[in-house]
Amino acid sequence: MKKKTFPRGIYPTEYKTLTSDKAIETITPPEKVFIPLHQHFGSPAEALVKKGDEIYMGQKIGEAKSLFSASVHSSVSGKVLAVDGYHHPLGKPILAVTVANDGEDRLFPEIQGHEDPFSLGPNEIRDKVKDAGIVGLGGAAFPAAVKLTPPKDKPIDTIIINGCECEPVLTADYRLMLEYPEEIIKGAELVRIATGAAKVIIGVEDNKKDAFALFQAKSNGFPIETSILKTKYPQGAEKNLISALLKREVPRGGLPFDVGVVVQNVGTAKAIWDAVAQGIPLFARILTVSGSGITKPKNLMARIGTPFQHAIDSCGGMVEGTNILVMGGPMMGLTQWTADVPIIKGTSGILAWKEPKLAIEFNCIRCGRCVEHCPMGLVPTQLMKSVKHEQLESAESWGVLDCVECGCCQYSCPAKIPLVHWIRLGKNQVISLKRKKSS
Amino acid sequence: MMTDNRYLLKSSPHFSDKDSVPKIMYTVVLSLMPAVLASLYFFRFQALFLYLFSLAACLATEAIFLKVRKKSMHSLWDGSAIITALLLAMTLPPSLSLELVAIGAVASIALGKHVFGGLGNNIFNPALVGRAFLQIAFPVAMTTWAPPVKIPVDLATYATPLAKLKFEDAVAQGSLASLKDLFWGNVGGCIGETSVVALLVGAAFLLYKRTIDWRIPAGILGTLALFTGIFWQAGPDKNASPLFHILAGGLIIGAFFMATDMVTSPISPLGSWIFAIGTGLLIGLIRLFGGFPEGVMFSILFMNSFVPLLNQYARPRILGERSKK
């Protein structure tokens, strides 16, 4: 079978074998969990509990008050100790609910499943997904219910289930695909029903052939195609995945809706199935804890709100001399200054290693490698120069807002210029300038 | 249960390729070695002194400029000044006096590189700037050719194959250098240009390591072959064959080692094609119709000046540019 792919991109060393054969291990939740009320793209949820409340596992503790938001649920049963600012993986304190775990995991009594989820209509599925606080579990944490609500003038014909996991090191999605293929397939079918699409394509990179074979074997009876993609970064980036599988280009500044597509990660598909069929809201997730700074790298199932340190301790602790801690993959992950931050819905991985001395930065020698590898067709070095010289209009005309921050440019830059850093700065400045102009 | 450990904060990505600017530069230095050795074989001590003087003068000029401009000295050893020194020496006639070599080297680094702001900011290939300076300031010295040590002829009257073609009507006379001599380097000319085989070994290495953009030599060679091929077909008794044009003079060193200089060639693939085709066409025009027998140096410098424009307008297509919302 011909492997599909997109133009350009890079082939970083994968390091996936550290954890690829490790089955998902469920860890016991800690004595205290810290559940931020803002774990997603959009506005924060509003607290529904206060200090002293006794709460159940799965009980809603934060309510989404707008479309671009997601509800938050307790991941343990016990007593609310505080509703206050707490460390957050995004780097600043964010309102969080601290719960003292009573260790009994008493499930919220109002939770109930549905015997025949496929008989539900689009609105019912959407409401259940929204109520369960599901967000994209690939890392960007975009509220899933929004993706299930396409505008009326944009009919959806294809659902893409993203099983690429193109970030090096991470294997959480891979293990999920091996251990829960049926749930993913059924969740995908629910997404298809909710959006009115005709078919589903599950895309898997060819370094996960066994997962691909499982999907092929188990998807009988569903309108599902399975497609194998080249192992290349960033194969799982939404716009590149759509172009690889369907040869459709999402317009600049547009969304997959514009080309009749909805993309959901495999983890999100499973979470949707759990929410609709069993009524279980999103309060736990699968993540990879790995890197040379972790004594025994593993794939874990952990409750939302579990401090990183607790997860790391379940993996034999940190190796001596480790000086960098990252949430997510090595290409797009966020560095953390402390291991006290809690696992949130978007935590696909916790990575740690000893960072070598910072490489000497040279002037750009215009080698063009950033251009050769940019999956979006940008000229990163020009963007960097425009931003550095505070020429924001130039940066915008060179497409600074099209950058998805995948990091291919900086990865391949021989002058070791922090290109993504400059571009990110430029994006922020251009966006705030636009806001100023429009207001 | 607060932990005491504090970790480094930096922005993504956290992985990076192992290649670096000095690695790229020394790869190019390495790729020049076969041709350097060939020139030492053909021109012996004359070549050796050219290299030593060029290297010393280039590095000294670089060091002075870095010092005066208060830049870090690690740039001195990034390899770029060494490349300039080698390429400059390779494009000089073997009998050139050594003070002229030093003048050319100073011009290369000072006028070719540092007046623009040093590595990465220059518009023109530094080695070619130095050579152009010498060519214009000392035209006689720059066109007096010594034969390789193996050919026993009078030094004063020896001419390069391209000069013979231009000024002595060599095709009609039957005195054109043989393709075999051109290929091995047993002809008169600049010390590092003559041995095509040695240059091609280095070029193959650079292409294999993907250090240079293949489009540039392909575009130059293809365009020149097509252009000279048309005139050869029209008048084979007057004009030399495309293969002669490719093997003679500075074409191979120019196409593979000078036009491909990252700093002074375009960033995008489309830009590279335009740059290469323009260079090839200009070389053909100068060699066939210009006043000079050779046109590689001026053609590359001329096209260098278009690179900022090409970088501005020959942009790659952004994903989603053509589709509508």
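Since the structure is predicted, the reported quantities are computational estimates derived from the model, not experimental observations.

The next subject is the overall build of chain B. Within chain B, the secondary structure is distributed over 15 helices and zero strands. Taking 20 Å as the expected radius of gyration for a compact globule of 325 residues, we find that chain B reaches 22 Å, a close match to that expectation. Taking the principal axes of the C-alpha coordinates as reference, chain B spans close to 95 × 55 × 30 Å. Relative to all contacts within chain B whose residues are 6 or more apart in sequence, the contacts with residues 24 or more apart total 74%.

Under the definition given, this model contains 18 aromatic pairs over all chains. Ring centres of Tyr 15 of chain A and Phe 15 of chain B lie 5.6 Å apart, and the angle between their planes is 70°; on these two criteria the pair is classed as edge-to-face. Of this pair, Tyr 15 of chain A sits in the segment before strand S1 (25–26) while Phe 15 of chain B sits in the segment before helix H1 (21–68), each in a different chain. Both rings, one in Phe 118 of chain A and one in Phe 222 of chain A, keep their centres 6.0 Å apart while their planes meet at 65°; by these two values the pair is edge-to-face. One end of the pair, Phe 118 of chain A, is in the loop between strand S8 (94–101) and helix H1 (122–131); the other, Phe 222 of chain A, is in the loop between helix H5 (209–218) and strand S11 (224–229), with 104 residues separating them in the sequence. The exposure class assigned to Phe 222 of chain A is partly exposed, which follows from its relative accessible area of 24%. One aromatic cluster is present, formed by Tyr 15 and Trp 353 of chain A together with Phe 15 of chain B through successive ring pairs. One Lys or Arg, Lys 232 of chain A, reaches over the ring of Phe 6 of chain A and ends 4.4 Å from the middle of that ring. It is Arg 315 of chain B that lies over the ring of Trp 398 of chain A; its NZ or CZ is 3.5 Å from the centre.

Of all hydrophobic cores here, the largest spans 109 residues; its most connected members are Leu 87, Met 90 and Phe 257 of chain B. A per-element tally of this core places H1 of chain B first, with 18 residues. Leu 87 of chain B has contacts with Leu 32, Ala 127, Ile 253, Phe 257 and Met 258 of chain B, leaving out every residue within four places of it along the chain. Membership of the second largest hydrophobic core comes to 48 residues, among which are Leu 120, Val 129, Ile 134 and Phe 257 of chain A.

Residue and element names in this part refer to chain B. Between its first and last C-alpha atoms helix H3 (residues 98–112) spans 20 Å; for 15 residues at 1.5 Å apiece the expected length is 21 Å, and the two agree. Considered for burial, the residues of H3 that qualify are Leu 100, Val 101, Gly 104, Ala 105, Ala 107, Ser 108, Ile 109, Ala 110 and Gly 112. Residues of H3 that are buried make contact with H1, helix H2 (80–90), helix H4 (126–137) and helix H5 (139–142).

Moving on, we come to the environment of Leu 287 of chain A. All names here are of chain A. Inspection of the secondary structure assignment puts Leu 287 in strand S13 (residues 284–290). For Leu 287, a relative accessible area of 0% gives the class buried. Placed 111 residues apart in sequence, Leu 287 and Leu 176 show a C-alpha to C-alpha distance of 9.6 Å. With residues up to four places along the chain from it excluded, the contact list for Leu 287 reads Ala 172, Lys 298, Asn 299, Leu 300, Ala 302, Ile 343, Thr 347, Ser 348, Gly 349 and Ile 350.

We now examine the environment of Pro 117 of chain A. Residue and element names in this part refer to chain A. Relative to the helices and strands, Pro 117 resides in the loop between S8 and H1. Here Pro 117 falls in the buried class, since its relative accessible area comes to 5%. Counting along the chain gives 159 residues from Pro 117 to Val 276, while the straight-line C-alpha distance between them is 6.5 Å.

Residues and elements named next belong to chain A. The parallel open sheet is built from four strands, whose spatial order is S11-S10-S9-S12. With one partner strand each, in any of the chains shown, S11 and strand S12 (261–265) form the two edges of the open sheet. Each strand of the sheet is rotated relative to its neighbour by a mean of 25°, with strand direction disregarded. Of the pairings in the sheet, the one linking strand S9 (residues 158–163) to strand S10 (residues 199–205) comprises six bridges and is parallel in character. Bridge pairing in S10 places Ile 159 opposite Val 200. Together, S10 and S11 form the strand contacts of H5, whose direction differs from that of S11 by roughly 165°.

Attention shifts here to the pairing of S11 of chain A. Regular strands place their side chains on alternate faces of the sheet. Residue and element names in this part refer to chain A. By the criterion of burial, S11 is predominantly enclosed, with five of the six residues buried. Pairing of S10 with S11, which is carried by six bridges, proceeds in the parallel orientation. Along S11, the bridge assignment pairs Ile 202 with Thr 226. What joins S10 to S11 is H5, and the crossover it makes is right-handed.

Below, the discussion takes up the confidence of the model for chain B. Residue and element names in this part refer to chain B. The pLDDT averaged across chain B works out to 88; a share of 94% of its residues lies at or above 70. Contacts from residues 152–157, a stretch scored under 50 in pLDDT, to residues over four places away or in other chains number six contacts. Across the whole predicted complex the pTM is 0.90, and at the interface the ipTM reaches 0.88.

Our focus in this paragraph is the sheet that holds strand S3 (residues 46–47) of chain A. All names here are of chain A. Pairing within the open sheet is antiparallel, and its three strands lie in the order S3-S5-S6. Single-partner strands in this sheet number two, and they are S3 and strand S6 (72–73). Examined bridge by bridge, S3 and strand S5 (residues 60–63) share two bridges and lie antiparallel to one another. In the sheet register, Glu 46 faces S5, and the bridge partner there is Glu 63.

A few words now on the packing of H1 of chain A against helix H4 (residues 181–195) of chain A. All names here are of chain A. Running from amino to carboxyl end, H1 crosses H4 at an angle of 120°, the nearest separation of the two axes being 8 Å. As judged from the angle between their axes, H1 and H4 are oblique. Regarding H1 and H4, the two cross each other, and that crossing is left-handed. Contacts from Pro 122, Ile 125 and Arg 126 of H1 reach H4 at Leu 190, Ile 193 and Ala 194.

All told, the structure shown has 29 salt bridges over all chains when counted by the stated rule. Among the salt bridges present, the one from Lys 298 of chain A reaches Glu 25 of chain A, with a minimum N-O distance of 3.2 Å. With a gap of 273 residues between them, Lys 298 of chain A in strand S14 (residues 298–303) and Glu 25 of chain A in strand S1 connect regions that are remote in the sequence. One salt bridge connects Arg 369 of chain A with Asp 19 of chain B, and the closest N-O pair in it is separated by 2.7 Å. Residue Arg 369 of chain A is located in helix H9 (residues 369–373), and its partner Asp 19 of chain B is located in the segment before H1; the two belong to separate chains. Residue class for Arg 369 of chain A comes out buried when judged on its relative accessible area of 9%.

Turning to the side chain of Arg 366 of chain A, a few remarks are in order. Along the polypeptide, Arg 366 of chain A turns up in the loop between strand S17 (349–353) and H9. Nearest to the buried, unbridged Arg 366 of chain A among oppositely charged side chains is Asp 261 of chain B, at 8.4 Å. For Arg 366 of chain A, the side chain forms a polar contact with the main-chain oxygen of Val 263 of chain B, separated by 3.3 Å. If sequence neighbours within four positions are ignored, Arg 366 of chain A has contacts with Lys 385 of chain A together with Gly 120, Asn 121, Asn 122, Met 262, Val 263, Ser 265, Ile 267 and Asn 311 of chain B.

Thresholds, definitions, all that
- Residues numbered from 1 in each chain as written.
- Chains lettered and ligands numbered in written order.
- Predicted model: local features only at pLDDT ≥ 70, side-chain atom pairs only at ≥ 80, totals over all residues.
- Heavy atoms only, no water.
- Helix = DSSP H or I, 4+ residues; strand = E, 2+ residues; numbered from the N terminus.
- Rg over C-alpha atoms; globule rule 2.2 N^0.38 Å.
- Contact = heavy atoms within 4.5 Å.
- Phe/Tyr/Trp six-rings, centres within 6.5 Å; stacked < 30°, edge-to-face > 60°.
- Buried < 20%, exposed > 50% of the residue type's maximum accessible area, 1.4 Å probe, protein only.
- Lys NZ or Arg CZ within 6 Å of the ring centre and 35° of its normal.
- Core = buried A, V, L, I, M, F, W, Y, C linked by side-chain atoms within 4.5 Å.
- Expected span 1.5 Å × (residues − 1).
- Pairing = 2+ DSSP bridges.
- Axes fitted to C-alpha atoms, helices over the stretch in contact; angles between N-to-C directions.
- Right-handed = clockwise from strand over helix to strand, strands pointing away.
- pLDDT = per-residue confidence, 0-100.
- Parallel < 35°, antiparallel > 145°, perpendicular 65-115°, else oblique.
- Left-handed = near helix turned anticlockwise from the far one by under 90°.
- Salt bridge = Lys/Arg side-chain N within 4 Å of Asp/Glu carboxyl O.
- Lys, Arg positive; Asp, Glu negative; His and termini not counted.
- Polar contact = N/O pair within 3.5 Å; in protein donor to acceptor, adjacent residues only side chain to side chain.

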